[in-house]
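Geometric and topological summary
One-letter residues, chain by chain:
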Amino acid sequence: MPQEIELKLALPGLDGAQVERALRSHPLLRHRPIQRLRLTNRYYDTPDGWLRQQRCALRVRGIERLDATEHALNGIDAKAPGGARQWEQTLKTAGEGALSTRGEWTTPLRRTALDTAALTNTPLGGLPDWEAQVAALRPVYETQCVRTLWTVRRRDGSVIEVALDVGRLRAVGRRAPLLELELELIEGDATALYELAARLGTRLPLIPARTSKAQQAQRLADGCFDAAVRARTPNLPRAADPATVARAALGDALGQLCDNLLLIARSDDPEAVHQARVGWRRWRSLLRLLRPWLPPPPDRAALRPLLDALGAVRDLDVAQTETLPAWADAFIEDATQHPERQRAVQRSLRALRHAAAQQRQRLRALLREPSVTQALLVCSAWLHALPARIDAPEDWAAERLRRWQQRLLRTLEAAQSDTGAASLAPAATPADAPEAPNVPAAAPAQPAGSPDRVEILHAARLLAKRLRYGAEAVAPTLGGRLLRRLLRWQRHARDWQTRIGAQRDLQLAAQWLTAHGQDPAWAAFVRGAAAALRRLR
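Now for a quick tour of the structure. Note that residues are indexed from 1 along each chain, following the sequence as it is written. Reporting in this predicted model follows two pLDDT cut-offs: at least 70 for local features of residues, and 80 or more for side-chain atom pairs to be given and counted; totals over whole chains, interfaces and linings ignore these cut-offs and use all residues. Side-chain measures here rest on the full set of heavy atoms in the structure, leaving out hydrogens and waters.

1. Here's the deal with the nonpolar core
Short version of the rule: Buried Ala, Val, Leu, Ile, Met, Phe, Trp, Tyr and Cys residues that are joined via side-chain atoms within 4.5 Å together make up what is termed a nonpolar core. Note on exposure labels: buried denotes an accessible area under 20% of the residue type's maximum, exposed denotes more than 50%, and partly exposed covers the range between, all computed with a 1.4 Å probe on protein chains only. Numbering of helices and strands runs from the N terminus, with a helix taken as a DSSP run of H or I at least four residues long and a strand as a DSSP run of E at least two residues long. By definition in these notes, contact holds between two residues if any of their heavy atoms fall within 4.5 Å.
L250, L261, I264, W283, L294, L401 and V474 are the most contacted members of the largest nonpolar core, which totals 70 residues. Elements with a minimum of two residues in this core: α6 (242-264), α7 (270-290), α8 (304-332), α9 (339-367), α10 (370-384), α11 (396-416), α12 (451-474) and α13 (480-515). Ranked by the residues each element gives to this core, the list is headed by α6, at 13 residues. Among all residues touching I264, those that are not within four sequence positions of it are A272, V273, A276, L310, L363, R364 and L367. Counting 29 residues, the second largest nonpolar core, distinct from the first, contains L9, L11, A190 and L196.

Here is the structure:
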């Protein structure tokens, strides 16, 4: 089967002219010949999305060679599609992740119409009722771009095509910009793609991008181009080994993080920040689950500024859109009788919106830092380098999750007791710090509501997240009584995560109100609500 092996990379916060200048001047590319093409890609499917259901994309591409001196951003629409010099038809199967290996069948065309006969010798030809489905194919969306090409021949014998695409997507009357860098392997090992990306990434912010142009155009057609990306259920076989789970589940967690970071670069949607953090939590939780069987993971020190900025924006978003609005009516009681309370709430929400906007700008600036995005490339390269299979006991996942469940129960019991820190609960640690040892049993008793109690609750919340994300990842690999038990643990973990999270959000909101000089009565009300909720829970 003919294959295409490529690494897709996005460039947040930049425009095509900036990227082209940086690539032209890069030591790896500045002395290499440049080829420039104008591409028009017209994608086909049936009205009911038959090709998408088969996880295939079918396009007809128009190719026009441009003069080498023509600016890459000029003249995308200089000629109508019919004026293209060359046309070809390509069927591609879906790839997984930023580094994708896909089946690809290309047929030269004499005109712009589909050559349905050429599809006979592709995977479509063996499907039931395929001739009727092919007869129903219609254009569904289109991409137009100028592609700038370099060919890199490395000393190890590998040959890589570097393609910068600058243009736009078009679907059902909607448009969106297109800017991506593709590294396609012509000869050699796929590791060479990551090595080249690392060198190019010293001057450009390159984020692994798992969404193809066809998938981007489909999202545009579906009206969800700017929607936050949620976790996907991994496609795993029963009794999968740790390496198989790692590639599927960790790959999706990293993809969820990167997809939402790219959305953050162009959107203020709070859900994108939330889902980016969920992606990172899943990545960390799954690394802990798989730690006994995997090689040491990449160091995340370079990601710390980005992760801190995500946390800061998320806390401000939650405070202004969820926590404080939910308690405002109880504080105000009657706006006609207490207008000063209503003004205090409104002032605090305005201040929070302003603070969140400032933090978003800081976050976007970090996304343009090559040193930060390099760390994401390192994570993707580490995942690609995992062995094909890792031997482990049959119950490896269930046994590890059982221990987490027991630890969560001990931590919750400690948080509910009057002795607080005198428990087996782990000491609270920053969200991305190494796992801490248990709190010593000999620790002195603390009054209810003490800082130690708060820390134990926070540790319980982190444990609940870890258990939940681990259970969600491995559930497809289990069956019978074990699966039912795992789903029960998952529900339990989600419930406690929600309970403790609501109290923590109130506490953080109260701290922010006090630290930023907001109305003392409003801050005291929120602080009291947090204390009451903690005792109730």
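2. Some details on unusual backbone geometry
Phi is positive for R55, which is not a glycine, with a value near 60°. On the secondary structure map, R55 appears in the loop between α2 (50-53) and β3 (56-65).

3. Describing the packing of aromatic side chains
The geometry of an aromatic ring pair comes down to the distance between the two centres and the angle between the two planes. Our working definition: Only centres within 6.5 Å qualify two rings of Phe, Tyr or Trp (six-membered ring in Trp) as a pair; their planes then separate them into stacked at under 30 degrees, edge-to-face at over 60, and tilted for everything else. Two conditions define a charge located above a ring, namely a distance within 6 Å from the ring centre to NZ of Lys or CZ of Arg, and an angle within 35 degrees of the ring normal.
Counting across every chain of the model gives seven aromatic pairs. Centre to centre, the rings of W327 and F525 are 6.4 Å apart; their planes meet at 65°, and the pair counts as edge-to-face. Here the residue W327 occupies a position in helix α8, and F525 occupies one in helix α14 (residues 520-536), the gap between them amounting to 198 residues. Here the aromatic rings of F331 and W522 are separated by 4.8 Å at their centres, their planes lie at 35°, and the arrangement is tilted. Here F331 is found in helix α8, whereas its partner W522 is found in helix α14, with 191 residues between them in sequence. Judged by relative accessible area, W522 falls into the buried class, the value being 0%. Put simply, the rings of W327, F331, W522 and F525 pair up and form one aromatic cluster. Across the ring face of W404, the terminal group of R466 is positioned such that the distance to the ring centre comes to 5.5 Å. Over the face of the ring belonging to W496 we find R499, whose NZ or CZ atom lies 4.9 Å from the ring centre.

4. Some words on the packing of α6 against α7
The condition is simple: A fitted line through C-alpha atoms represents every axis, and for helices the fit uses only the stretch in contact; the resulting angles, taken between N-to-C directions, go from 0 to 180 degrees. Under this scheme an angle from 65 to 115 degrees is roughly perpendicular, one under 35 degrees roughly parallel, and one over 145 degrees roughly antiparallel; angles in between are oblique. Crossing handedness: left-handed means the near helix sits turned counterclockwise from the far one by under a right angle, and right-handed means the same turn made clockwise. Three classes are used: nonpolar for Ala, Val, Leu, Ile, Met, Phe, Trp, Tyr, Cys and Pro, charged for Asp, Glu, Lys and Arg, and polar for all others, with Gly counted as polar.
Interhelical geometry of α6 versus α7 gives an angle of 160° and a closest axis separation of 8 Å. One way to sum up the angle between α6 and α7 is to call them roughly antiparallel. The two elements α6 and α7 cross, and the hand of that crossing is left-handed. For the contact of α6 with α7, a count of residues per class yields 20 nonpolar, four polar and two charged.

5. Describing the pattern of salt bridges
Condition: Salt bridges are counted wherever a side-chain nitrogen of Lys or Arg sits within 4 Å of a carboxyl oxygen of Asp or Glu.
A full pass over the atoms with the stated rule returns 35 salt bridges. Between R341 and E333 there is a salt bridge; the shortest N-O distance is 3.0 Å. For R389, the salt bridge is made with D391, and the minimal N-O distance between the two is 3.4 Å. Residue classification places R389 among the exposed residues on the basis of a relative accessible area of 56%.

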